[in-house]
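Results of the structural survey
Each chain is listed here by its residues.
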Amino acid sequence: MTTTPRKIRKAVFPVAGLGTRFLPATKAVPKEMLTVVDKPVIQYAVEEAAEAGIEHFVFVTGRGKGAIEDHFDIAYELEATLKARGKTAEIAQLEATRPAAGAASFVRQQEPLGLGHAVWCARDIVGNEPFALALPDMLIHGPRGCFAQMMDVYARHGGNVIAVEEVPHEHVNRYGVVALAGDLGNATHRISGMVEKPKLEDAPSNLIVSGRYILQPEIFAKLETQKPGAGGEIQLTDAMIALMAGQDFFSYRFEGTTYDCGDKIGYLAANVALALARPDIAPKFRPVLEKLTRE
Ligand code: UTP
């Protein structure tokens, strides 16, 4: 069944995970608020969604994640103080991070039962319309945002669109892995199957799901009846496999580099790569980095 493309207006950001790989940093600070250069990780994903035309931002939060709500709100005293001091550039920076009034929603996942469960918690806010989903840990850096690229694929094919990328075969057991059917051109394939964290010998390819999705709302009914899967968590992958029986799924090999900021090495790499990509920082940072790597 081919679904007629309907406009994607909302993006969901699941941010209720415990971030255990970053303890003790994440004891009191949400891991999504850890900074890459000078912006929190979550802001990169929100900006990528805004670039793609997303109008409403849905955050699935949990206990101790209040800093994320504050980050996307007005910091009244701070902004009044900056204004009094004539700090117009800083005020403009803060204003640019803020969704319009009423354009952000926050819903709580009371228990971290898995990514699939977190997405399901957004069902009432998303309603009966297709939506974008971003795992903010996966910071994607490139000349054009991953979501903007995916919107083009969605406009051509409709259905469900999953961003994928190659990883070395020995890493496939950490991710959701897709099996491909037909090549549709423009780095797009039809997906014939998917498996979450497969054993190396069972992986259908070395193409992993990279944390960006365009999904049809029927996914919520599949999530509702999902039993815990890999790791005892309610898995989004299992619900997508169930939905595949009746709907089209397409993979898209986006242009850009992914940094897994939920992992220490990926997070450090993101900081270095994005600092080197910043004209205001790179000239001063490069010599420091060269000195450090020589020692
Ligand atoms: P991860 O498994 O990478 O996040 O989930 P985590 O559980 O916070 O990390 P570790 O392993 O303990 O360090 C991927 C995304 O799904 C969200 C996370 O916040 C992250 O954005 N998530 C995961 C939820 O919102 N709820 C969950 O129950 C699980």
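Residues numbered from 1 in each chain as written. Predicted model: local features only at pLDDT ≥ 70, side-chain atom pairs only at ≥ 80, totals over all residues. Heavy atoms only, no water.

Each pair of packed helices can be summarised by the angle the axes make with each other and by the distance between the axes. Packing of helix α3 (residues 76–84) against helix α4 (residues 88–96) leaves a shortest axis separation of 8 Å and a crossing angle of 150°. With respect to α4, the element α3 is oriented roughly antiparallel. Relative to α4, the crossing made by α3 is left-handed. Contacts from Leu-78, Glu-79, Leu-82 and Lys-83 in α3 reach Glu-90, Ile-91 and Leu-94 in α4. Of the residues contributing to the contact of α3 with α4, the split by class is four nonpolar, no polar and three charged. (Axes fitted to C-alpha atoms, helices over the stretch in contact; angles between N-to-C directions. Helix = DSSP H or I, 4+ residues; strand = E, 2+ residues; numbered from the N terminus. Parallel < 35°, antiparallel > 145°, perpendicular 65-115°, else oblique. Left-handed = near helix turned anticlockwise from the far one by under 90°. Contact = heavy atoms within 4.5 Å. Nonpolar A, V, L, I, M, F, W, Y, C, P; charged D, E, K, R; others polar.)

Bringing the environment of Glu-165 into the picture now. Here Glu-165 shows up in strand β8 (residues 160–166). Since its relative accessible area comes to 11%, Glu-165 is described here as buried. With 92 residues separating them along the chain, Glu-165 and Thr-257 place their C-alpha atoms 9.1 Å apart. Not counting the four nearest positions on each side in its chain, Glu-165 is found in contact with Asn-206, Leu-207, Ile-208, Ser-210, Arg-253, Phe-254 and Thr-258. Within polar-contact distance, the side chain of Glu-165 engages the side chain of Ser-210 at 3.1 Å. (Buried < 20%, exposed > 50% of the residue type's maximum accessible area, 1.4 Å probe, protein only. Polar contact = N/O pair within 3.5 Å; in protein donor to acceptor, adjacent residues only side chain to side chain.)

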